[in-house]
Amino acid sequence: KVFTQRLIPNIKPDLIIGIRTPVLRRFAASFSRSEALEFMQNLPHRYYEENNLHAFLIERIGDYNETVAELERFLPFVDNWATCDTMRPKVLVKHKTELLIKIDRWLSSTHVYAVRYAIELLMCYYLNGDFKAEYADRVAAVESEEYYINMMIAWYFATALAKQYDTSVLYITEKRLDTWTHNKAIQKAIESYRLSKEQKEYLKTLKRQKKPFRSRLERKADYLGSLTGKKRTRKLKQYYKNTVEYK
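Residues numbered from 1 in each chain as written. Predicted model: local features only at pLDDT ≥ 70, side-chain atom pairs only at ≥ 80, totals over all residues. Heavy atoms only, no water.

A. Up close: the overall build of the chain. Tallying secondary structure elements over the chain gives 15 helices and zero strands in all. Burial statistics for the chain: of 247 residues in total, 43% are counted as buried. Once local pairs closer than 6 in sequence are excluded, the contacts in the chain between residues at least 24 apart make up 65%. Entry remark: accessible area of the chain is about 14900 Å², with carbon and sulfur atoms responsible for 52%. (Helix = DSSP H or I, 4+ residues; strand = E, 2+ residues; numbered from the N terminus. Buried < 20%, exposed > 50% of the residue type's maximum accessible area, 1.4 Å probe, protein only. Contact = heavy atoms within 4.5 Å. Areas by Shrake-Rupley, 256 points an atom, 1.4 Å probe, with all protein chains shown as cover.)

The following block contains the structure:
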C-alpha cells in the first residue's frame, strides 16, 4: 500500500486498499458476464483498486464495439496514470483502422486520462510496421499544461526515437515540443538500451535551456504591449474592466 501511494501521489491514501495487481486480475477473471456488467455500470468508483478492477474487466471483453463503448464510459472517471496505463484490451489490436477514429476523439478530450490513453495507444500499437509520421504529428499537436499528459508525450517520443529514429528525431531538431517535454523525451530516450551510443550523444546536444519563470501578469503585460491601434485600445479597456471587477 505504501509503495502504491508513492507511485500515485495524487490519490488520497485512504482510497488505496493495497491489493496487488495479480490478485485483482484473478478476481476479474472470476466474474460472470452479468456480474461484470453490473459492476461496470456503477460509476464512479471510490477506491483505486475498484478502478483497476474495472480496467481489467474491460480487457476481458471480446467484442471490439463493446470494448470501445465501455472505454468511452470509463475514461472520464479514470483519475490516475496507473489505471490508465494498465488498460490493454487485446481486441483493439485487431481493429487498428477503426481505433484511430476513437483515438482522435480522445486526443481532443477535456479529460486528462482520456488524452493520455489515446497517446499511449498510439505508442503501443502504431510505432512498428504500420507507423506513419501523421501519428507522431497528432501527438506533437497536443498542447497541455497537465503533467501526466506531457509525460506521456515525452514517453511516446522517447519510444519513437527507439523505433522510428530517422522520422522522430526531426520533432526534436525542429523543436516541435515544449521545452519540458522536449528535454524529458531526450532524457527517456538516452536511458533506453535501444538507441546507439552515437544517437544518445547527438540527442544530448539537442537539450534546450529552460526559460526563466515569468508570471501570468508579466506575460499579459508583454502581450498588451505588443498590440497597436484599435485592437490595443479594445484589449486595454477589457483588461482594466476585468481587473476592477476582480478587485
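B. Representation of the side chain of E49 in the model. Relative to the helices and strands, E49 is located in helix α4 (residues 48–59). Residue E49 is classed as buried on the basis of its relative accessible area of 4%. E49 has contacts with L15, I16, I17, G18, I19 and L24, leaving out every residue within four places of it along the chain.

C. A look at a nonpolar patch on the surface. Residues I17, I19 and V23 make up a contiguous nonpolar surface patch of about 220 Å² in total accessible area. Inspection of the secondary structure puts I17 in the loop between α1 (2–7) and α2 (21–29). (Patch = residues over 30% accessible without salt bridge, like charges linked within 9 Å, V, L, I, M, F, W, Y side chains within 5 Å. Salt bridge = Lys/Arg side-chain N within 4 Å of Asp/Glu carboxyl O.)

D. Just the packing of helix α8 (residues 112–125) against helix α10 (residues 147–163), in detail. Look at α8 against α10: their axes get within 9 Å of each other, and the N-to-C directions meet at 5°. Looking at the two axes, α8 sits roughly parallel to α10. Within the contact between the two elements, α8 uses V112, Y113, V115, R116, I119, E120, L122 and M123 and α10 uses Y148, I149, M151, M152, I153, W155, Y156 and T159. Residues of the contact of α8 with α10, tallied by class, amount to 13 nonpolar, one polar and two charged. (Axes fitted to C-alpha atoms, helices over the stretch in contact; angles between N-to-C directions. Parallel < 35°, antiparallel > 145°, perpendicular 65-115°, else oblique. Nonpolar A, V, L, I, M, F, W, Y, C, P; charged D, E, K, R; others polar.)

E. Main features of the pattern of salt bridges. Counted under the stated rule, the structure contains 14 salt bridges. Between E174 and R176 there is a salt bridge, and its shortest N-O distance comes to 3.7 Å.

F. Here's a closer look at the side chain of K184. Looking at where K184 falls in the secondary structure, it is placed in helix α12 (residues 179–191). Of the buried charged residues, K184 lacks a salt bridge, with E191 as the closest side chain of opposite charge at 7.0 Å. Residue contacts for K184: discarding those within four places in its chain leaves M151 and A154. (Lys, Arg positive; Asp, Glu negative; His and termini not counted.)

G. View of the nonpolar core. Of all hydrophobic cores here, the largest spans 69 residues; its most connected members are L92, Y156 and F157. At 11 residues, the largest contribution of residues to this core is made by α8. Counting six residues, the second-largest nonpolar core is a separate cluster that includes I8, I11, I16 and Y48. (Core = buried A, V, L, I, M, F, W, Y, C linked by side-chain atoms within 4.5 Å.)

H. Looking closely at the packing of helix α5 (residues 64–74) against helix α7 (residues 96–107). Interhelical geometry of α5 versus α7 gives an angle of 5° and a closest axis separation of 12 Å. On the basis of their axis angle, the class for α5 and α7 is roughly parallel. Across from Y64, V68, L71 and E72 in α5, the residues of α7 making contact are E98, L99, K102, R105 and W106.

I. Region of interest: helix α11 (residues 165–173). The set of residues buried in α11 consists of Y165, S168, V169, Y171 and I172. Relative to the axis of α11, the buried residues are bounded by an arc of 145° and lie together on one face. Buried residues along α11 sit against α9 (133–140), α10, α12 and α13 (197–204). K175 lies just past α11 and shows a positive phi near 55°. (Arc of directions from axis to C-beta.)

J. Fine view of the packing of aromatic side chains. The tally for this structure, following the rule as stated, stands at nine aromatic pairs. Ring centres of F27 and F31 lie 4.9 Å apart, and the angle between their planes is 80°; on these two criteria the pair is classed as edge-to-face. On the accessibility criterion, F27 (43% relative accessible area) is partly exposed. Residues F31 and F39 carry aromatic rings whose centres are separated by 6.2 Å and whose planes lie at 80° to one another, so their mutual orientation is edge-to-face. Both residues of the pair, F31 and F39, belong to the buried class. (Phe/Tyr/Trp six-rings, centres within 6.5 Å; stacked < 30°, edge-to-face > 60°.)

K. Layout of the environment of I8. Among the secondary structure elements, I8 is positioned in the loop between α1 and α2. Spatially, the C-alpha atoms of I8 and Y48 are 9.9 Å apart, while their sequence positions differ by 40 residues. Dropping the residues within four chain positions of it, I8 is found in contact with I16, Y48, N80, W81 and A82.

L. Spatial organisation of unusual backbone geometry. A cis amide bond links L43 with the next residue in sequence, P44, at an omega value of 0°. Tracing the sequence through the fold places P44 in the loop between α3 (33–41) and α4. The residue K175 is not glycine, and still its phi comes out positive at about 55°. Of note, K175 is situated in the loop between α11 and α12.

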